2 protein chains.
Amino acid sequence: MNSLYAMPGNEAFAELLSLHTGYQRRQLLLHHFPDSETLVRMAPPTPGGDAVIVCTLDRPDPKALPLMMAAATARELGAARVGLVAPYLAYMRQDKRFHPGEAISAKIFADWLGHTFDWLVTVDPHLHRYATLAEVYPNAAHVVHVASQLAVWIDAHVTMPLIVGPDQESAQWVTAVSNLLCAPSVVAHKERHGDRDVEILLPEMDKWRDHTPVLVDDIIASGETMVQTLRCLHARTSLPPVCVAVHGVFAEGALEGLLAEGAGLVVTSNSVITDTTQIDISKPVAEAMVSLCEANPTETARRTPA
Amino acid sequence: MNSLYAMPGNEAFAELLSLHTGYQRRQLLLHHFPDSETLVRMAPPTPGGDAVIVCTLDRPDPKALPLMMAAATARELGAARVGLVAPYLAYMRQDKRFHPGEAISAKIFADWLGHTFDWLVTVDPHLHRYATLAEVYPNAAHVVHVASQLAVWIDAHVTMPLIVGPDQESAQWVTAVSNLLCAPSVVAHKERHGDRDVEILLPEMDKWRDHTPVLVDDIIASGETMVQTLRCLHARTSLPPVCVAVHGVFAEGALEGLLAEGAGLVVTSNSVITDTTQIDISKPVAEAMVSLCEANPTETARRTPA
């Protein structure tokens with residue numbers, strides 16, 4: 001029997017995983033001492049089974065120590081392997097030293113996850129220079145792609161969509177979604193000048209003036225890329241655009257910025273639970289989790305002992 | 001040449017270490033992305049030298065990932081070894097499974113530090129069931145004791161002190177300080193009923209009514225132990241007591257609670273920089289740092305490669 005644990009805030013997603021798989025949810029509690037240290041307390045996993053910890057990794061810094069303590073404790077209490085389901089994976093962008101002296105955060109973070117967990121499931125990680133997660137994450141990792149979940153939502157809620165990619169990096173999701181919907185698509189060209197300073201150039205799209213633009217991307221963080229894209233769309237469409245992303249991380253003011261720039265609706269998946277969460281991705285995540293739990297343990301043995 | 005880096009908030013302490021040792025301070029900057037991820041950027045260390053990162057570990061959870069990224073990056077940039085100076089060390093109390101399913105945080109945290117750093121300097125760690133740091137920390141570790149710095153401060157600022165220990169755990173500091181000052185001392189008996197619920201029983205102390213009680217302990221966190229001790233002292237002393245501790249962690253309201261209960265003065269060391277910091281412990285910390293930097297590298301080689 002495999003055991004499912006939810007780090008705080010991940011209870012609803014863990015419950016969906018449990019419904020899809022029959023894996024038993026077990027209690028995990030964090031106690032905060034007056035000195036701001038954290039105590040993890042958890043019901044023991046079934047000995048010899050996998051312990052699965054569900055923890056999406058937006059705003060990751062304060063989550064690291066409690067997560068590490070939960071993983072180590074599950075192992076001490078008898079789990080044969082400890083896996084992480086992180087629907088959103090942090091620190092994927094900083095995957096090279098852009099300026100001298102910078103940390104290559106993606107590699108360091110992945111190494112740490114590799115020391116801490118035997119396997120990992122995540123959803124549409126924001127990969128750039130790494131082609132696959134296996135290049136950076138040392139252990140068994142399963143990447144779930146949820147373009148079809150985005151497409152199903154768009155199909156049910158938008159008539160005559162024009163799929164709009166705010167930049168070249170969004171093209172993979174735009175292509176997948178527009179193919180699934182047999183809908184037209186355009187992809188903008190983006191030039192980035194800073195964290196919150198980007199310029200968007202949209203191609204010709206006059207022939208779809210009667211379509212609803214549906215901006216599709218993997219993540220909304222600062223929201224600036226989508227804001228600039230919405231601004232470009234102002235003169236070119238008669239219908240309020242819809243913004244759809246897998247991961248709604250939303251820096252402070254990001255959602256308000258999108259609505260102020262004319263977004264009719266902003267919709268994200270439950271990889272991060274926010275006010276915009278409407279797309280349930282738990283089923284393919286549950287399937288990936290089962291495939292890793294049932295993989296031959298010797299194939300997914302930890303590369304480095306704790 | 002060894003290099004000194006300060007994590008944010010540790011600049012003043014690192015500067016003192018640099019003054020005592022001549023080790024060169026080098027820049028370390030944290031950039032916070034809009035999505036709350038952190039980017040470490042640092043000047044390269046002198047190749048082949050030790051890189052020393054100064055980071056006191058009160059409120060440790062959000063510090064872990066940036067600290068890990070700084071250590072890994074210093075190594076990538078050419079440091080032969082990476083050491084941590086943590087004047088205050090976190091997670092020392094939870095050193096056994098008090099209730100079923102609890103994390104043994106002290107061991108897990110020490111393991112992580114051992115993977116991340118080649119050596120460690122800390123000050124008066126809050127050890128209970130572990131007799132020495134070496135039992136829990138796998139690599140070279142140097143514990144600095146600063147009872148003499150507390151004694152020097154008391155000697156300079158309090159006439160006729162009566163050293164008061166709020167509980168048996170404080171006895172080691174009380175004994176050291178009272179011996180150094182040739183001052184009388186008493187140690188209370190503490191019964192703990194919860195994080196913020198403790199009962200203090202003080203022995204007979206009538207013959208020192210004209211002395212100033214100086215409460216001495218290693219740490220003030222919730223402050224409840226000292227508050228209860230101050231309450232016990234109300235009828236027994238004519239002079240406002242002074243509270244002295246090595247580590248001023250101060251949970252919210254803790255300092256106000258001490259002052260409200262009649263503390264005339266609350267004084268702590270610069271292991272954690274707060275409004276109460278008056279005692280400089282950087283010199284013995286610098287000496288310990290030098291002894292580890294100059295130790296034979298093969299003796300302090302990392303037990304587990306990264």
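As the structure is a computational prediction, the values presented were derived from the model and not from experiment.

Asks: Even after reading the chapter, I still don't get unusual backbone geometry, so can you show me in this structure?
Replies: Working note: non-glycine residues mostly have negative phi, and peptide bonds are mostly trans. Phi at Met160 of chain A is positive, roughly 50°, even though this residue is not glycine. Along the polypeptide, Met160 of chain A turns up in the loop between α4 (147-157) and β9 (161-165). Assessed through its relative accessible area of 42%, Met160 of chain A is described here as partly exposed. Even without being a glycine, Ser36 of chain B presents a positive backbone phi close to 75°.

Asks: Would you mind showing me how to read the interface of chain B and chain A here?
Replies: Each side of the interface is counted separately: chain B has 49 residues, and chain A has 50 residues. Buried area between chain B and chain A, summed over both chains or domains, comes out near 4200 Å², and the portion from carbon and sulfur atoms is 61%. Counting across the interface, chain B meets chain A through four salt bridges. A salt bridge links Glu76 of chain A to Arg97 of chain B; the nearest nitrogen and oxygen atoms lie 3.0 Å apart. Contributing elements (two or more residues each) for the side of chain B that touches chain A: β4 (38-42), α2 (64-76) and α3 (105-116) of chain B. Counting residues per element, the side of chain B that touches chain A draws most heavily on α2 of chain B, at eight residues.

Asks: Just checking my understanding: could you explain the sheet that holds strand β15 (residues 265-269) of chain B for this structure?
Replies: The strands that make up a sheet pair up through hydrogen bonds in the backbone, lying either parallel or antiparallel. Residues and elements named next belong to chain B. The sheet built from six strands is open, its strands ordered β10-β9-β13-β14-β15-β16 with parallel pairing. Looking along the sheet, the strands with just one partner apiece sit at the ends: β10 (185-187) and β16 (277-279). Here the average twist between neighbouring strands, direction ignored, is 35°. The sheet contact formed by strand β9 (residues 161-165) and strand β13 (residues 212-220) spans four bridges and is parallel. If you follow Val164 over to β13, its bridge partner there is Leu215. Sitting on the sheet, helix α5 (residues 171-181) is in contact with β9, β10, β13 and β14 (242-248), with an inclination near 165° to β9. Strands β9, β13 and β14 of the sheet are contacted by helix α6 (residues 224-233), whose axis makes an angle of about 165° with β13.

Asks: Explanation requested: the layout of surface pockets in the structure shown.
Replies: A water-sized probe rolled over the atoms picks out the places where empty space is left. If you add up the space inside the largest pocket, you get close to 880 Å³. Lining the largest pocket are 35 residues, with Arg93, Arg192, Gly194 and Asp195 of chain A together with Phe33 of chain B positioned closest to its centre. Secondary-structure elements contributing two or more residues to the lining of the largest pocket are β11 (189-194), β13 (212-220) and α6 (224-233) of chain A together with β3 (28-32) and β4 of chain B. The leading source of residues in the lining of the largest pocket is β13 of chain A, at four residues.

Asks: Just checking my understanding: could you explain the sheet that holds strand β10 (residues 185-187) of chain A for this structure?
Replies: Residues and elements named next belong to chain A. As summarised here, the arrangement of the six strands in space is β10-β9-β13-β14-β15-β16, forming an open sheet in which the pairing is parallel. Only two strands of the sheet have a single neighbouring strand rather than two, namely β10 and β16 (277-279). Ignoring which end each strand starts from, the neighbouring axes of this sheet average 35° apart. Along the sheet, α4 makes contact with β9, β13, β14 (242-248), β15 (265-269) and β16, crossing β14 at roughly 150°. Helix α5 (residues 171-181) rests against β9, β10, β13 and β14 of the sheet, and its axis sits at about 165° to β9.

Asks: I'm lost on helix α1 (residues 11-21) of chain B in this one. Help?
Replies: Given 3.6 residues to a turn, an α-helix orients residues that are three or four positions apart in the same direction. All names here are of chain B. Of the residues making up α1, those classed as buried are Phe13, Ala14, Leu17 and Ser18. Along the long axis of α1, the arc covered by the buried residues comes to 145°, so they all point the same way. Across from the buried face of α1, at angles greater than 90 degrees, the exposed residues are Ala12 and Leu19. On its buried side, α1 packs onto β1 (3-6), β2 (24-25), β5 (50-54), β6 (81-86) and α8 (282-293). Backbone geometry just downstream of α1 places Gly22 in the positive-phi region, at approximately 80°.

Asks: What's the story with the side chain of Asp218 of chain B in this structure? I'm lost.
Replies: Residue and element names in this part refer to chain B. Within the secondary structure, Asp218 sits in strand β13. Although buried, Asp218 forms no salt bridge, and the nearest oppositely charged side chain, Arg93, lies 7.4 Å from it. Filtering out sequence-adjacent residues up to four positions away, Asp218 remains in contact with His126, Trp173, Ala245, Val246 and His247.

Criteria and cut-off values
- Residues numbered from 1 in each chain as written.
- Chains lettered and ligands numbered in written order.
- Predicted model: local features only at pLDDT ≥ 70, side-chain atom pairs only at ≥ 80, totals over all residues.
- Heavy atoms only, no water.
- Helix = DSSP H or I, 4+ residues; strand = E, 2+ residues; numbered from the N terminus.
- Buried < 20%, exposed > 50% of the residue type's maximum accessible area, 1.4 Å probe, protein only.
- Contact = heavy atoms within 4.5 Å.
- Buried area = accessible area lost by both parts, 1.4 Å probe.
- Salt bridge = Lys/Arg side-chain N within 4 Å of Asp/Glu carboxyl O.
- Pairing = 2+ DSSP bridges.
- Axes fitted to C-alpha atoms, helices over the stretch in contact; angles between N-to-C directions.
- 1 Å grid on protein atoms, 1.4 Å probe; cavity = no way out; pocket = protein on both sides within 12 Å on 5 of 7 lines; lining within 4 Å.
- Points joined across faces, edges and corners; volume = space filled by probe spheres on them.
- Arc of directions from axis to C-beta.
- Lys, Arg positive; Asp, Glu negative; His and termini not counted.

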